[in-house]
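Listed here are the chains, written in short residue letters.
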Amino acid sequence: MGKGGEDRGNKQMNGSQSLTSDTFPAWAKDVGECEEKFGVSREKGLSTDEVLKRHQIYGLNELEKPEGTSIFKLILEQFNDTLVRILLAAAVISFVLAFYDGDEGGEMGITAFVEPLVIFLILIVNAMVGIWQETNAEKALEALKEIQSQQATVMRDGHKVSCLPAKELVPGDIVELRVGDKVPADMRVVALISSTLRVEQGSLTGESEAVSKTTKPVDENADIQGKKCMVFAGTTVVNGNCICLVTDTGMSTEIGRVHSQIQEAAQHEEDTPLKKKLNEFGEVLTMIIGLICALVWLINVKYFLSWEYVDGWPRNFKFSFEKCTYYFEIAVALAVAAIPEGLPAVITTCLALGTRKMAQKNALVRKLPSVETLGCTTVICSDKTGTLTTNQMAVSKLVAMGSRIGTLRSFNVEGTSFDPRDGKIEDWPAGRMDANLQMIAKIAAICNDASVEQSDLQFVSRGMPTEAALKVLVEKMGFPEGLNKASSNADVLRCCQLWSELEQRIATLEFDRDRKSMGVMVDSSSGKKLLLVKGAVENVLERSTHIQLLDGSVQELDQYSRDLILQSLHDMSMGALRCLGFAYTDVPSDFATYDGSEDHPAHQQLLSPSNYSSIESNLVFVGFVGLRDPPRKEVRQAIADCRTAGIRVMVITGDNKSTAEAICREIGVFEADEDISSRSLTGKEFMDVQDQKSHLRQTGGLLFSRAEPKHKQEIVRLLKEDGEVVAMTGDGVNDAPALKLADIGVAMGISGTEVAKEASDMVLADDNFSTIVAAVGEGRSIYNNMKAFIRYMISSNIGEVASIFLTAALGIPEGMIPVQLLWVNLVTDGPPATALGFNPPDKDIMKKPPRRSDDSLITAWILFRYMVIGLYVGVATVGVFIIWFTHSSFMGIDLSQDGHSLVSYSQLARWGQCSSWEGFKVSPFTAGSQTFTFDSNPCEYFQQGKIKASTLSLSVLVAIEMFNSLNALSEDGSLVTMPPWVNPWLLLAMAVSFGLHFVILYVPFLAQVFGIVPLSLNEWLLVLAVSLPVILIDEVLKFVGRCTSGYRYAPRTPSAKQKAE
């Protein structure tokens, strides 16, 4: 924030502290009191000396830049994870042991260093990705700064300074605002230069229309929308000029408060449901690894520590450091085996693939974990303007005069955007417009300062959205026959252009808030001069004395016709339509010869807006229209889909209550005739509710209107406290804090501000609520697939742990070294696990209620299943190791072709005592092109010679895990009903994994690094014979699972009901 950030605290001790609006509600005081309080006059402004004093107190008019997290702290945070810590400990221990064994050098020395280096590499890459995500996470605050105005026109020392940097403004400065200006600070309007002032503040307050501002004070307790005499930093002047008094700067402004709320929300970001489960899993894994390591040491303590009993007490202790470190290495291997090192990479890959699928559906995911969180969304809190509605004003009803006095004609107008081709007018006499309809079209086209342009594929308004909507209506009305002539402009507003050519505009009577209408004088092609008027229906009708009927005839406006028009107006207003009336009259006699010249005597009357009401009198009323910000076409079905999927929809908007209620009824949040008195509250009313959580637990839809940023945040916070997983949508600056706080912040890509986008987890490229619903379905599908591969990887790790545990328990030589296990976990398991992410989604995925965020990834039954599978993996890998040493053939497969010597099982289990065996000799054997001889030391047969048995164990492990990936296609579905080819990617992944395994087997350098040798055809047959039964075992377990599913998945009480109880 610069100097002001440090000095703001000085306010407490300084007399000038009372200038801030925290203690002085400028909106509730008249202009004189404000000037007196801030010690300034609008004619002279502040003096240079006073500005310097106030700079010392308030600092610069800019938003604070929070202190960033140091790179060192960011690095430490990346290791704040149980699995990562275990890996780090394993890597350090491996490195120390490798260094200790390094004296021996040779092949085993190289192999020993590969493992810790690979683990360190994994941790470094993981930390780099984490740091990159962290440093990109807080751009929302920077985007807020872009919203701030850069320059301002200020009165200082009695002189106007036209381009003062906005950051130099202080409370008390007098600022002039013009059309198009961005408001540089929060300011009190002290004088209007034009007759009216309108400000677009929807991005801050959520209002769908520009707001008229006044100099009159309002109630001290008014909400932000009700402060009609205040303009706020970051908003834009769309109509009029004014003089303002700065009341708040920098972090004290409304946008500054939003900035603070974003910072606060960023500090309360929680882990995603999946990350919480993985952390819990990591803690359980730590405990299991500790127990198994302790057990392995206890089983093998006799090998490195022995003693004799003398007089009943242990004496003469013998300790073998070499053996101790060997079993320590086994413990490290256990840690490496138990941790699914490839899991973070596979999850990231699966989520990244999910983001690509979502991008095809117009949902752009900014933060990967949010893909998974979407799957358990229970509540969607949606903004109304721009999300459920188009944020493009459109005429939905046109009321014209009938063929006789006391009759009206009504036309429904289709369309929800500024595209003239979007929808048509129902029952419209195309090309045969009567005189009354022609007059309505003429007034709507010419008494209008807006335009519509095509920008890329979007139609956008230039000027007031309500006026742009009228021009779109004129295009839908078409041009009457007989008057049709070629337009010189191939514009999207062709008909408006033609009317403008027929009726030349010569003067404008600007809109003002007193008469609530706008008028234009035109020189008609018929030779007459007319005054065309549009404005609030009641005001225009009050100044009307006649009406124009269908055939163009003019009749006196009687009381019955007046009441009929007012009743129709009331009905349309109840439907949340904003109505505008149309009228015309001949110009007053003074203007009969007026041609727009400033020299004409009548021109003086146009210089004073106080004359406009008398000029716009004795009008002929011709009809009126109802406009609204229409709901998107797809939203009603999307909300119905949410209901089916068990997701509640809450609408939180800054717009007024009646408009929001009408839209909610139309889109299906509420039923058409439903009593919603307890479901529709303003933000203020909700804050006064005694039991807010009970209110939020109501089933069905809820509406919160006139909501401020703090209300949105409080609703999201309460829902999260109550265990809900909240997706929050929004497009404005006012939505950013709640977007940041929600589990999933969803911003609008087209209408959304950069602040909202940067605070969000996901951006909708099409601004469409229904896209969120599609994304939720995709999130559920991705989660189911992630469950499949997490189960697969964990079951594989259980098998590896079982293998090492059995090796240690049986006392046989170590079957697989840590670097081999690391290769399996990272490389060969990776492709099948990733391919499981491509499993096709269930057809009824959006007909099920959302899963609870505390649902277990691995149920007791699944754990039992994979313990059984894991035990088989352990038996198979250790079994094939023992078979090679003890059998010359197995299941008819000849294993003696390499010439290796056979030993008994008891010899294999007591291999450590080999040196004491008399006459023990072994024959040389071949593996690929290598020949292994043990003439000098036969006992090396159990160390160097185990390379073939170790290769068989590793190959069995790889093969079993490939076949086990087929088991993971479905939790309980048989491979008969869900054959492997439903997911061709899985078959490809299996081929890739086998291919990678062949590479390390048959490339000599890699074979040396991994401590393995090539296998013969018979040995491969043995591998397959031992591996394939894993499919049959799991098929039996799946059958049991299907038979007991009714018992295991007994219906649970819905969480909402639990909470209510």
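Residues numbered from 1 in each chain as written. Predicted model: local features only at pLDDT ≥ 70, side-chain atom pairs only at ≥ 80, totals over all residues. Heavy atoms only, no water.

Moving on: the UniProt feature "transmembrane region" (unreviewed entry) in the protein chain. Residues given the UniProt feature "transmembrane region" (unreviewed entry) here are residues 82–100, 112–132, 284–305, 325–353, 789–812, 858–885, 985–1005 and 1020–1040. Along residues 789–812 one finds 92% helix and 0% strand; the C-alpha atoms at either end are 32 Å apart. Regarding residues 858–885, the helix share stands at 93% and the strand share at 0%, and the terminal C-alpha atoms are separated by 38 Å. (UniProt positions renumbered as here; feature names shortened; annotations may be inferred. Helix = DSSP H or I, 4+ residues; strand = E, 2+ residues; numbered from the N terminus.)

A contiguous nonpolar surface patch, about 410 Å² in accessible area, is contributed by Ile71, Phe72, Ile75 and Leu76. As for its placement among the helices and strands, Phe72 is situated in helix 4 (residues 71–78). (Patch = residues over 30% accessible without salt bridge, like charges linked within 9 Å, V, L, I, M, F, W, Y side chains within 5 Å. Areas by Shrake-Rupley, 256 points an atom, 1.4 Å probe, with all protein chains shown as cover. Salt bridge = Lys/Arg side-chain N within 4 Å of Asp/Glu carboxyl O.)

Time to look at the confidence of the model for the protein chain. The predicted model of the protein chain has a mean per-residue pLDDT of 80, with 85% of residues at 70 or higher. Every residue in residues 1–18 scores below 50 in pLDDT, and together they form 38 contacts with partners more than four places removed in sequence or on other chains. Counting contacts from residues 103–108, a segment whose pLDDT is below 50, to residues more than four positions away or on other chains yields two contacts. (pLDDT = per-residue confidence, 0-100. Contact = heavy atoms within 4.5 Å.)

This part is about the state of the cysteines. Put plainly, a disulfide is one covalent bond tying together the sulfur atoms of two cysteines. The tally for this structure, following the rule as stated, stands at one disulfide. Distance from the sulfur of Cys242, which forms no disulfide, to the nearest cysteine sulfur (Cys244) is 3.5 Å. (Disulfide = S-S within 2.5 Å.)

Looking now at the nonpolar core. One finds Phe769, Phe885 and Phe942 to be the most contacted residues of the largest nonpolar core, which totals 133 residues. In terms of residue count, the dominant contributor to this core is helix 28 (residues 769–810) (16 residues). Sequence-distant contacts of Phe885, that is, excluding residues within four places in its chain, are made with Ser901, Leu902, Val903, Leu908, Tyr941, Phe942, Lys946 and Ala949. Grouped together as the second largest cluster of nonpolar side chains are 54 residues, Val190, Ile262, Cys381 and Phe686 included. (Core = buried A, V, L, I, M, F, W, Y, C linked by side-chain atoms within 4.5 Å. Buried < 20%, exposed > 50% of the residue type's maximum accessible area, 1.4 Å probe, protein only.)

Before going further, it helps to examine the sheet that holds strand 1 (residues 151–156). Across the sheet, six strands lie side by side as 2-1-3-9-4-7; this open sheet has antiparallel pairing. What marks the edges here is a single partner per strand, and that holds for strand 2 (159–165) and strand 7 (230–231). Bridging between strand 1 and strand 3 (residues 174–177) involves three bridges; their strand directions are antiparallel. Within the sheet, the bridge partner assigned to Thr153 lies in strand 3 and is Glu176. This element, helix 2 (residues 31–38), spans strand 4 (186–192) and strand 9 (242–248) of the sheet and lies at about 50° to strand 9. (Pairing = 2+ DSSP bridges. Axes fitted to C-alpha atoms, helices over the stretch in contact; angles between N-to-C directions.)

Taken N-terminus to C-terminus, the directions of helix 16 (residues 465–477) and helix 17 (residues 494–502) make an angle of 95°; their axes are 7 Å apart at the nearest point. Relative to helix 17, the element helix 16 is oriented roughly perpendicular. Of the residues in helix 17, those in contact with Lys471, Val474 and Glu475 of helix 16 are Arg494, Cys495, Cys496 and Trp499. Split into classes, the residues belonging to the contact of helix 16 with helix 17 amount to four nonpolar, no polar and three charged. (Parallel < 35°, antiparallel > 145°, perpendicular 65-115°, else oblique. Nonpolar A, V, L, I, M, F, W, Y, C, P; charged D, E, K, R; others polar.)

This paragraph deals with helix 25 (residues 709–721). In this model helix 25 runs 18 Å from its N-terminal to its C-terminal C-alpha over 13 residues, within 8% of the 18 Å that 1.5 Å per residue would give. The complete set of buried residues in helix 25 reads Pro709, His711, Lys712, Gln713, Glu714, Ile715, Val716, Leu718, Leu719 and Lys720. Just beyond helix 25, the residue with positive phi is Gly723, at close to 90°. (Expected span 1.5 Å × (residues − 1).)

Now for the pairing of strand 25 (residues 648–652). Among the five residues that make up strand 25, five are buried, leaving the element largely enclosed by the rest of the structure. Residues Arg648, Met650 and Ile652 of strand 25 are buried on one face, and the alternating residues Val649 and Val651, pointing to the opposite face, are buried as well. Inspection of the sheet shows strand 13 (residues 379–382) paired to strand 25 by four bridges, in the parallel sense. Within strand 25, the residue paired with Ile380 across the bridge is Val649.

Across all of its chains, the model carries 28 salt bridges by this definition. Between Arg421 and Asp419 there is a salt bridge; the shortest N-O distance is 3.3 Å. A residue is classified by how much of its surface remains accessible, and Asp419, at 17% relative accessible area, is buried. The salt bridge involving Arg717 is made with Glu714; its shortest N-O contact spans 2.5 Å. Remark: Glu714 and Arg717 occur in helix 25; sequence separation between them is three residues, near one turn of the helix. Given the relative accessible area of 18%, Glu714 is considered buried. Beyond isolated ion pairs, a larger network of salt bridges with shared partners links Lys693, Glu714, Arg717 and Glu721.

Further remarks concern the pairing of strand 29 (residues 744–748). The buried count for strand 29 comes to five of five residues, which makes it a mostly enclosed element. With burial as the criterion, each face of strand 29 is covered, one bearing Ile744, Val746 and Met748 and the other bearing Gly745 and Ala747. Crossover connection from strand 28 (residues 726–730) via helix 26 (residues 736–741) to parallel strand 29: handedness right-handed. Direction of pairing for strand 29 relative to strand 30 (residues 762–764): parallel, over a ladder of three bridges. For Ala747, the partnering residue across the bridge sits in strand 30 and is Val763. (Right-handed = clockwise from strand over helix to strand, strands pointing away.)

The topology assignment puts Asp551 in the loop between strand 21 (544–548) and strand 22 (554–556). Measuring from C-alpha to C-alpha, the distance between Asp551 and Asn436 comes to 6.6 Å, with 115 residues separating the pair along the chain. Engagement of the side chain of Asp551 in a polar contact is seen with the side chain of Ser553, the distance being 2.6 Å. (Polar contact = N/O pair within 3.5 Å; in protein donor to acceptor, adjacent residues only side chain to side chain.)

Before going further, it helps to spend a moment on the side chain of Arg679. As for its position among the elements, Arg679 is in the loop between helix 22 (657–667) and strand 26 (680–682). In this structure the side chain of Arg679 is engaged in a polar contact, spanning 3.2 Å, whose partner is the side chain of Glu674. Separated by 3.2 Å, the side chain of Arg679 and the backbone oxygen of Gly701 make a polar contact. Contact partners of Arg679, with chain neighbours within four places excluded, come to Phe670, Glu674, Gln698, Thr699, Gly700, Gly701, Leu702 and Leu703.

Looking now at the environment of Ser1016. Among the secondary structure elements, Ser1016 is positioned in the loop between helix 35 (1004–1010) and helix 36 (1017–1027). Between the alpha carbons of Ser1016 and Asp898 there is a distance of 8.9 Å; along the sequence they are 118 residues apart.

Hydrogen bonds along the backbone pair up the strands of a sheet, which may run parallel or antiparallel. Pairing is mixed in the open sheet, where eight strands are placed in the order 12-30-29-28-13-25-27-26. Strands at the two margins of the open sheet, each flanked by one partner only, are strand 12 (363–365) and strand 26. Across the sheet, the axes of successive neighbouring strands diverge by a mean angle of 20°, strand direction being ignored. As judged from the three bridges shared by strand 13 and strand 28, these two strands associate in the parallel manner. Opposite Cys381, over in strand 28, you have Met728 as the bridge partner. Contacts from helix 22 reach strand 25, strand 26 and strand 27 (702–705), with the element oriented near 155° to strand 27.

A word on the packing of aromatic side chains. Overall, the coordinates contain 22 aromatic pairs when judged by the stated rule. Centre to centre, the rings of Phe925 and Phe932 are 5.3 Å apart; their planes meet at 20°, and the pair counts as stacked. The residues Phe925 and Phe932 share a single accessibility class, namely buried. What links up through ring pairs into an aromatic cluster is the set Phe881, Trp884, Phe885, Trp917, Phe920, Phe925, Phe932, Tyr941 and Phe942. Stacked on the ring of Phe511, the Lys or Arg Arg198 has its end atom at 4.6 Å from the ring centre. Between the NZ or CZ atom of Lys227 and the centre of the ring of Trp27, over which it lies, the distance is 3.8 Å. (Phe/Tyr/Trp six-rings, centres within 6.5 Å; stacked < 30°, edge-to-face > 60°. Lys NZ or Arg CZ within 6 Å of the ring centre and 35° of its normal.)

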